[in-house]
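Secondary and tertiary structure notes
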Amino acid sequence: MAFDPKDDLRAFLERAWDALLWKTDGVSEYDVRRPMTPTGTNLLGLVKHVASVSFGYFGDVLGRPTNESLPWFDEGAEQNADMWATADETRAEIMALGQRAKEHSLRTVDELPLDTIGSVPWWPENRREVTLQYLIVHMVAELNRHAGHADIVRELIDRSVGLRADNDNMAEGDSAWWTDYYARLELAARAAG
């Protein structure tokens, strides 16, 4: 059986997108927006951020710009404006932005060879020239990093965990087992501390 590296990279990119977008399912409007860490990490902000940078890497960098309006990147925009949703930005708008970014990134992978050259203007001059393959790997890492953030945020919100809707990827155990497991970890941390 022949393996196609491009197919593998595309599959990892799509799975990472799916994991991130899925983390918002079934969460209230408040919970999808509320800051869950001291730095303000929130589910909708993670989607908004990743969608925005995806349009940059798979769009502008490779000469495939979109008509997406990303005012949070405009000169003079509030710092970190891509990391949260204002009250005027609807959940549906941000999720649709994420879906369009996913589709645009996958289309770019489908339509261009892996050795396509692009230029990242916001990177140091000596590292600006990149290939599509490099950008895919970069974005798979970026997506999975933020999907990991979303995992933790979602667990803090409602204790929902899992890799995908069809695979929680967690050790078998009922709530009593997890309570005991947590207590054992806390005791070990205290003993070591």
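Note: the structure precedes this text.
The paragraphs below set out a description of the structure included in this document. Everything numeric here is computed off the predicted structure, so don't read it as measured data. (Residues numbered from 1 in each chain as written. Predicted model: local features only at pLDDT ≥ 70, side-chain atom pairs only at ≥ 80, totals over all residues. Heavy atoms only, no water.)

Concerning the overall build of the chain
Of regular secondary structure, the chain possesses 6 helices and 2 strands. C-alpha atoms of the chain, sized along the principal axes, occupy 55 × 50 × 35 Å. Burial analysis of the chain (193 residues in total) assigns 39% to the buried set. If you take every contact in the chain between residues at least 6 apart in sequence, the share linking residues at least 24 apart comes to 72%. Accessible area for the chain stands at about 11,500 Å²; split by element, carbon and sulfur atoms hold 53% of it. Charged side chains in the chain number 20 positive and 33 negative. The centres of these two groups are separated by 2 Å. (Helix = DSSP H or I, 4+ residues; strand = E, 2+ residues; numbered from the N terminus. Buried < 20%, exposed > 50% of the residue type's maximum accessible area, 1.4 Å probe, protein only. Contact = heavy atoms within 4.5 Å. Areas by Shrake-Rupley, 256 points an atom, 1.4 Å probe, with all protein chains shown as cover. Lys, Arg positive; Asp, Glu negative; His and termini not counted. Charge placed at Lys NZ, Arg CZ, Asp CG, Glu CD.)

Points about helix H4 (residues 91–111)
Taking 1.5 Å of rise per residue, the 21 residues of H4 would be expected to cover 30 Å, and the 30 Å separating its terminal C-alpha atoms lies within 8% of that figure. The inward-facing, buried residues of H4 contact helix H1 (5–22), helix H2 (29–33), helix H3 (43–58) and helix H5 (132–158). (Expected span 1.5 Å × (residues − 1).)

Regarding the packing of H1 against H4
The N-to-C vectors of H1 and H4 enclose an angle of 180 degrees; their axes lie 10 Å apart at closest approach. With respect to each other, H1 and H4 are oriented roughly antiparallel. Along the contact surface, H1 presents Lys6, Arg10, Leu13, Glu14, Trp17, Asp18 and Leu21, while H4 presents Met95, Gly98, Gln99, Ala101, Lys102, Ser105, Leu106, Val109 and Asp110. The class makeup of the residues in the contact of H1 with H4 is 7 nonpolar, 3 polar and 6 charged. (Axes fitted to C-alpha atoms, helices over the stretch in contact; angles between N-to-C directions. Parallel < 35°, antiparallel > 145°, perpendicular 65-115°, else oblique. Nonpolar A, V, L, I, M, F, W, Y, C, P; charged D, E, K, R; others polar.)

Overview of the packing of aromatic side chains
Summed over the entire model, instances satisfying the criterion amount to 3 aromatic pairs. With 6.0 Å between their ring centres and 80 degrees between their planes, Trp123 and Tyr134 make a pair best called edge-to-face. One end of the pair, Trp123, is in the loop between strand S1 (117–119) and strand S2 (129–131); the other, Tyr134, is in helix H5, and 11 residues separate them in sequence. Pairwise contacts between aromatic rings join Tyr57, Trp122, Trp123 and Tyr134 into one cluster. The ring centre of Trp72 lies 4.3 Å from the NZ or CZ of Lys48, which sits over that ring. (Phe/Tyr/Trp six-rings, centres within 6.5 Å; stacked < 30°, edge-to-face > 60°. Lys NZ or Arg CZ within 6 Å of the ring centre and 35° of its normal.)

Describing the pattern of salt bridges
Taken as a whole and assessed by the stated rule, the structure comprises 13 salt bridges. With a closest N to O distance of 2.7 Å, Glu68 and Arg100 form a salt bridge. You can see Glu68 sitting in the loop between H3 and H4 and its partner Arg100 sitting in helix H4, a full 32 residues away along the chain. For Glu68, a relative accessible area of 23% translates into the label partly exposed. Sharing partners across several salt bridges, the network here consists of Arg10, Glu14 and Asp110. (Salt bridge = Lys/Arg side-chain N within 4 Å of Asp/Glu carboxyl O.)

Topic: the side chain of Thr116
Residue position: Thr116 is located in the loop between H4 and S1. Taking relative accessible area as the criterion, Thr116 reaches 17% and is therefore assigned buried. Apart from residues lying up to four places away in sequence, Thr116 is in contact with Leu62, Val130, Thr131 and Leu132.

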